[in-house]
Amino acid sequence: MSSRPDSFAEVPLATPDTPLNSKHPLWISSSEIATTTPHDSFIYTSCNSSPLLPSQQPGPKCGEEITASSPDSKKRAAYVRPVLLFLSAVLVAVAVVVPVYFVVIKHQHHESDMTEGTGSSDPSSIGSNAGPTYGANGSTVTTSDGSTFTYINPFGGYWIDDPNDPFNDGARPNSWTPPLNESWVWGANKVNGVNIGGLFVLEPFISPALFQSYPEAIDEWSLSTLMAADTSNGGLNQIEEHYKTFITEQDIAEIAGAGLNWIRLPIPFWAIEKWDFEPFLEQVCWPYILRVLQWARKYGLRVNLDLHTIPGSQNGFNHSGKYGQINFLNGVMGVANAQRALGYIRIIAEFISQPEWRNVVPVFGIMNEARVAVIGMDQMTSFYLQAHDMIRNITGYGEGNGPYIAIHDGFQGLSSWAGFLEGSDRIIMDSHPYFAFDGNSNTDPIATGTGQNAGGIWPTLACSRWATAMNTSQTAFGVTFAGEFSNGFNDCGLYLNGVENTQDVAPSCSLFLDSSQWNDTMKAGLQEFALASMDALQDWFFWTWKIGPSSNNTIASPLWSYQLGLQQGWMPTDPRMATGTCAALGVTAQQFGGVYQPYQTGGPGAGTINPVLVSSYGQYPPTSINGLTAGATQSFLPTYTSTSAIPTLPPPTFTPSPPSSVIIGNGWFDSSDTSLAATEVAGCTYPDAWGAVSVPMPTALCPPTASATASAVVTSAPTVTTSS
């Protein structure tokens, strides 16, 4: 266990892996680097014939140059450069053949045993065929149920699946992204990612058919309650069937084949445990989470693992577990719920900090979309400082020691977080820019033409509203990315605003509920909007990869599906097409130079937090809690006791078993971390942990002998107590 270092000299730094030799993408020639800006042009070399990428899709053809350097640059005038295309092809071939040889073939000394495929269908038993396997564009993949598909990846990516080395991190998704076992360099490498939303944290608009079967369900809490009572249709096992089928290995392969390099994977706390008063399907999703992580490893995709739900709810949204009140660090049960949250963050951090997982999960989002306006900025800062210190006590300090810690901007705007916990060790700011939820009508058309007329106001608006804020935050805060964004320029989509909201399916939304009605002009506008958003945000995760069909078998929120956009022609077939879009639209922003302060990426000073900030926010629990009745004595707030056994996360099992020399891990990185888990104090009565905002406060400590070192704080009536 490590404590926060007192000086720069005490920061333990892991030896970094070899970074990329050049910050310049492989598709840019040395002559272009010398004469153009980063946003001037690139050669588009994709010749993807995948059925996912229809030939009628708007966009450049193989070998066209995307340029933003002339007055008419938005037209992206194209010409062929045979020599550069030849060199690009050679580079891609080298990028595939050389790493595969050294990482897989030479390493295993089994050249003659190379086969292709995977194995077991049981998610708790992750399997492979008998020999080491790998494949590049055009290879055949055999899935766990025996079915096959062709891996389409024209970008130099390759997959690796070795039963003798199930933690082989040699795969890469494309030629411009380092393999998992090489360093990711923030500021040089760019996140082009997609969310796997709605898989483990159910959302009505992503899986509408599940909610249409139970019309009274508005969130996973109510859906679980109704399903549990419906034993004739499988009860809660219906949710496991969703885990099994909603996202498959082919989905993950297609993500890599689309030129993407990261996924953001939302998970619920009930992957670890639930308490008796909560209706969720406990622990069942964990083996399926491991299955997705292993698929990501196989295809070279890095994972931003995001804890999307928090006991009591951190935002009152339907994707927090229960719609309604915010009972995390807010209300009578706010501190108690925060105790549980810290415990679950700790358990996940212990698991992903193990050597077997640290390359696959380099980022841990510890809380999705906390509503700072309700909870309070000071309260959230105290919690984040507590979580930071807890995680770094587990992992150690400095580059290579555990994941980056991602926190959300809390809908406060990026500028509100400038200088946040200066000196902390590798914290990322996650922002979710959406036009759909900005409170405006957003009725301006997007189907306005093609070429330079595509997209109406929306591409320019994305650039002007987001680019400056994102670039500024890279300096004022540190590493910053957009953990969510979409093509939803309006709020149209079945259940997008919740099951009980009919606005999102009003007659004015009819066009946006059915993509079969969309013509080439509509698709061109959406693609230009997507490209502008990507260029403005720089490092991003689209929300989301897949939207499930509604009961009539249509995708009723098509603006939110990356996969559907690829299939039907409004998402770019290569995310690099976005480069230069904002400049071509005449929108410029001061560009971040690509170099962070050393502490922000785990260098010297990481963990030496400004003493003034520690003094201001180091007391925990926070000195005041919102959501209490006027005159409440805060020292009487209910809390739990840390006397329960730790519910650790188990590692996967593999079929066939790997050699005995392979270390599987036990789910717990820091053996010196032996503190017990939170549980209710025997004999004490607690309010509803999910509905305790402004309920009467206890009038005495329970048990009476409990320590109450914090001074009594008398609160005033809160300005905001619930969310809607």
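Residues numbered from 1 in each chain as written. Predicted model: local features only at pLDDT ≥ 70, side-chain atom pairs only at ≥ 80, totals over all residues. Heavy atoms only, no water.

Quick notes on helix α11 (residues 458-476)
Note that an α-helix has 3.6 residues per turn; residues three or four places apart therefore point the same way. Compared with the 27 Å implied by 1.5 Å per residue over 19 residues, the 27 Å span of α11 between its first and last C-alpha is a close match. For α11, every residue scored as buried is listed here: Trp-458, Pro-459, Ala-462, Cys-463, Trp-466, Ala-467, Met-470, Asn-471, Ser-473 and Gln-474. Contacts from the buried residues of α11 go to β14 (480-482), α12 (520-537) and α14 (581-584). Of the residues flanking the end of α11, it is Gly-478, one or two places downstream, whose phi is positive at about 140°. (Helix = DSSP H or I, 4+ residues; strand = E, 2+ residues; numbered from the N terminus. Expected span 1.5 Å × (residues − 1). Buried < 20%, exposed > 50% of the residue type's maximum accessible area, 1.4 Å probe, protein only. Contact = heavy atoms within 4.5 Å.)

With respect to the pairing of strand β9 (residues 262-267)
A large share of β9 lies buried, amounting to six of its six residues. Side chains Trp-262, Arg-264 and Pro-266 of β9 all project onto a buried face; the interleaved residues Ile-263, Leu-265 and Ile-267 project onto the opposite face, where all are buried too. Relative to β9, strand β8 (residues 192-195) runs parallel, the two sharing three bridges. Across the sheet, residue Asn-195 finds its bridge partner in β9, namely Arg-264. For β9 and strand β10 (residues 302-307), the ladder comprises six bridges, and the chain directions are parallel. Within the sheet, the bridge partner assigned to Pro-266 lies in β10 and is Asp-306. Tracing the backbone out of β9, into helix α7 (residues 286-299) and back to the parallel element β10 gives a crossover that is right-handed. (Pairing = 2+ DSSP bridges. Right-handed = clockwise from strand over helix to strand, strands pointing away.)

Let's talk about the side chain of Ser-473
Its location among the elements puts Ser-473 in helix α11. Side chain to side chain, Ser-473 and Thr-480 meet in a polar contact 2.8 Å long. For Ser-473, the contacting residues outside a window of four places in its chain are Leu-414, Gly-478 and Thr-480. (Polar contact = N/O pair within 3.5 Å; in protein donor to acceptor, adjacent residues only side chain to side chain.)

Points about the packing of helix α8 (residues 334-352) against helix α10 (residues 377-395)
Running from N to C, α8 and α10 cross one another at 30°; their axes reach a closest spacing of 10 Å. Of the possible angle classes, the one that applies to α8 and α10 is roughly parallel. You can see that α8 and α10 cross each other, and the crossing is right-handed. Contacts between α8 and α10 pair Ala-338, Ala-341, Leu-342, Ile-345, Arg-346, Ala-349 and Glu-350 from the former with Phe-383, Gln-386, Ala-387, Met-390, Ile-391 and Ile-394 from the latter. Here the residues of the contact of α8 with α10 sort into ten nonpolar, one polar and two charged. (Axes fitted to C-alpha atoms, helices over the stretch in contact; angles between N-to-C directions. Parallel < 35°, antiparallel > 145°, perpendicular 65-115°, else oblique. Left-handed = near helix turned anticlockwise from the far one by under 90°. Nonpolar A, V, L, I, M, F, W, Y, C, P; charged D, E, K, R; others polar.)

Some details on the pattern of salt bridges
Two side chains carrying opposite charge are able to pair once their charged atoms lie near each other. Summed over all chains, the structure comprises 14 salt bridges. Residues Asp-169 and Arg-297 are paired through a salt bridge, measuring 2.7 Å at the closest nitrogen-oxygen approach. In this pair, Asp-169 is assigned in the loop between β7 (159-161) and β8 and Arg-297 in helix α7, connecting sequence segments 128 residues apart. Each member of the pair Asp-169 and Arg-297 is classed as buried. (Salt bridge = Lys/Arg side-chain N within 4 Å of Asp/Glu carboxyl O.)

Considering the packing of aromatic side chains
Taken as a whole, this structure holds 51 aromatic pairs when the rule is applied. Measuring from ring centre to ring centre gives 5.8 Å for Tyr-243 and Tyr-288, while their planes differ by 50°; the resulting arrangement is tilted. With a gap of 45 residues between them, Tyr-243 in helix α5 (residues 237-245) and Tyr-288 in helix α7 connect regions that are remote in the sequence. Accessibility classification places Tyr-243 together with Tyr-288 in one group, the buried group. (Phe/Tyr/Trp six-rings, centres within 6.5 Å; stacked < 30°, edge-to-face > 60°.)

A look at the state of the cysteines
Evaluation of the coordinates by the stated rule reveals three disulfides. Two residues, Cys-492 and Cys-509, share a disulfide whose sulfurs are 2.0 Å apart. Taking the sign of the S-S torsion, -70° for the link of Cys-492 and Cys-509, the bridge is left-handed. With Cys-492 in the loop between β14 and α12 and Cys-509 in the loop between β14 and α12, the pair connects residues that are 17 residues apart, well separated along the chain. In this structure Cys-492 comes out as buried when scored by relative accessible area, which is 5%. A relative accessible area of 3% places Cys-509 in the buried class. In this model, Cys-684 is linked to Cys-702 through a disulfide, with the two sulfur atoms separated by 2.0 Å. Of note, the bridge from Cys-684 to Cys-702 carries an S-S torsion of about -105° and is left-handed in sense. (Disulfide = S-S within 2.5 Å.)

Digging into the nonpolar core
By size, the foremost hydrophobic cluster in this structure holds 169 residues, and its most contacted members are Phe-200, Leu-265, Phe-328, Phe-383, Tyr-384 and Tyr-562. If you tally residues by element for this core, the top one is α8, at twelve residues. Those residues in contact with Phe-383 that lie beyond four places of it in its chain are Phe-328, Leu-329, Ala-338, Ala-341, Leu-342, Ile-345, Met-367 and Tyr-620. Core analysis: the next-biggest nonpolar cluster, separate from the first, contains 13 residues, Trp-186, Trp-262, Ile-428 and Phe-541 among them. (Core = buried A, V, L, I, M, F, W, Y, C linked by side-chain atoms within 4.5 Å.)

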